[in-house]
Amino acid sequence: MELRHLQHFVAVAEEEHFTRAAERLLVSQSGLSASVRALERELQTPLFVRTTRRVMLTPAGRALLTEAERILAQVRSAREAVAAVQGVLRGMLAVGSEQCVAGLHVAGLLASFRRRHPDVEICLRQAGSGALAEEVAGGRLDLAFAVRAEQEDTDQLRVVPLSSEPMTVLCHPSHHLAATGAAVTPEELGGEVFVDFHPDWGPRRTTDAVFAAAGVRRTVALEVNDVHSLLELVEENLCVAVVPRHFRHKRDSLVALAVKDTGETVYETVALLPPPQAMSPAARALMELLDPPVECAEVSP
């Protein structure tokens, strides 16, 4: 099985289209098709269902995709390890991150990394914590900065705590909750209209856990996927939001109230890492730039 065939297969699987995959790989479409057919002959099974508009993975193709991505990631790590021994970091650093994670300035961290290692190409993907965990475990990301939810250590994923903070209610100054300025309980918030992120985002998962632990049902009437939209809706007095405490500094016009009786539920920023033996040199170098630095081979959650 040739690495080139696996690379071509993964590109077609990701693009769901032979023409787009060929353009991405800078190869001819006929050559790409021949490469995939060769792989199918070797494995003695179809890997794609082909239609006039798109291609879809067969069950065998889905099984191969997981392993192919892991193999290619390991090959890339091996090449980068050799370069690191020679004293220069090269290759690619694929980083994932949630929006506005607490205790971490992702843009500044990546800028520091770029200044130290200009020969490494940086790729950044923003997504929810669940998706980021899957991509790190599958070898599609070198590491990710996310929010702890159900993630626990597995054979393919390590969860390293970085920082934590409580949740806060944000509301308009004219909202009835703002009148006293007192801390509120989940029970006292039960009847409010809420804005929140999509279910896979860390702040939403944390808030859902707070209300579930209190046995309080809440309805998210307004669902967004970016911080600024959430704050604007609260600023128009359409709703309230329960968010990580550091969000309160983003809009001085809003009132921030503490949330009490949340037990041990907090918003916790974590690094999602592959096993030590699968860490790329670039990922290790990035983690060493954290304050305090994280020694990836020795840290456990």
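Remember, predicted model here, so these are calculated numbers, not experimental data.

For sheets, the rule is that strands pair by backbone hydrogen bonds, running either parallel or antiparallel. Across the sheet, five strands lie side by side as 4-3-5-12-6; this open sheet has mixed pairing. Two strands in the sheet have a free side with no partner beyond their single neighbour: strand 4 (120-126) and strand 6 (158-165). In this sheet, neighbouring strand axes are inclined to one another by 20 degrees on average, regardless of whether the strands run parallel or antiparallel. The sheet contact formed by strand 6 and strand 12 (residues 267-273) spans seven bridges and is antiparallel. Its bridge partner being in strand 12, Val160 is matched across the sheet by Ala271.

Looking now at the UniProt feature "domain: HTH lysR-type" (unreviewed entry) in the protein. On the UniProt side, "domain: HTH lysR-type" (unreviewed entry) is annotated at positions that read residues 1-58 here. Across residues 1-58 one finds 62% helix and 10% strand; the C-alpha atoms that close the span lie 19 Å apart.

Evaluation of the coordinates by the stated rule reveals four aromatic pairs. When the centroid spacing of 5.4 Å and the interplanar angle of 45 degrees are considered together, the rings of Phe9 and Phe48 count as tilted. Residue Phe9 is located in helix 1 (residues 3-15), and its partner Phe48 is located in strand 1 (residues 48-50); the two are separated by 39 residues in the primary sequence. Residue Phe9 is classed as buried on the basis of its relative accessible area, which comes to 0%. Assessed through its relative accessible area of 4%, Phe48 is described here as buried. A centroid spacing of 6.1 Å and a plane angle of 70 degrees characterise the contact between Phe18 and Phe48, whose relative ring orientation is edge-to-face. Remark: Phe48 occurs in strand 1 and Phe18 occurs in helix 2 (residues 18-25); sequence separation between them is 30 residues.

What counts and what doesn't
Throughout, residues of each chain are indexed from 1 in the direction in which the sequence is written. Where local features are concerned, this predicted model is filtered to residues with pLDDT of at least 70; where side-chain atom pairs are given and counted, the filter is 80 or more; whole-chain, interface and lining totals use all residues. Each side-chain value is worked out from all heavy atoms of the structure, with water and hydrogens disregarded. One bridge is not enough; two strands pair if DSSP finds at least two bridges between them. For helices the rule is a DSSP run of H or I covering at least 4 residues; for strands it is a run of E covering at least 2, with both sets numbered from the N terminus onward. Each axis is a line fitted through C-alpha atoms, and for a helix only the stretch in contact is used; angles between axes span 0 to 180 degrees, taken between their N-to-C directions. UniProt positions are given in the numbering used here, feature names are shortened, and annotations may be inferred rather than shown by experiment. Any two rings among Phe, Tyr and Trp, with Trp reduced to its six-membered ring, count as a pair given centres within 6.5 Å; such a pair is stacked if its planes are under 30 degrees apart, edge-to-face if over 60, and tilted if neither. Residue burial is assigned from relative accessible area. The probe radius is 1.4 Å, only protein chains are included, and a residue is buried under 20% of its type maximum, exposed over 50%, and partly exposed in between.

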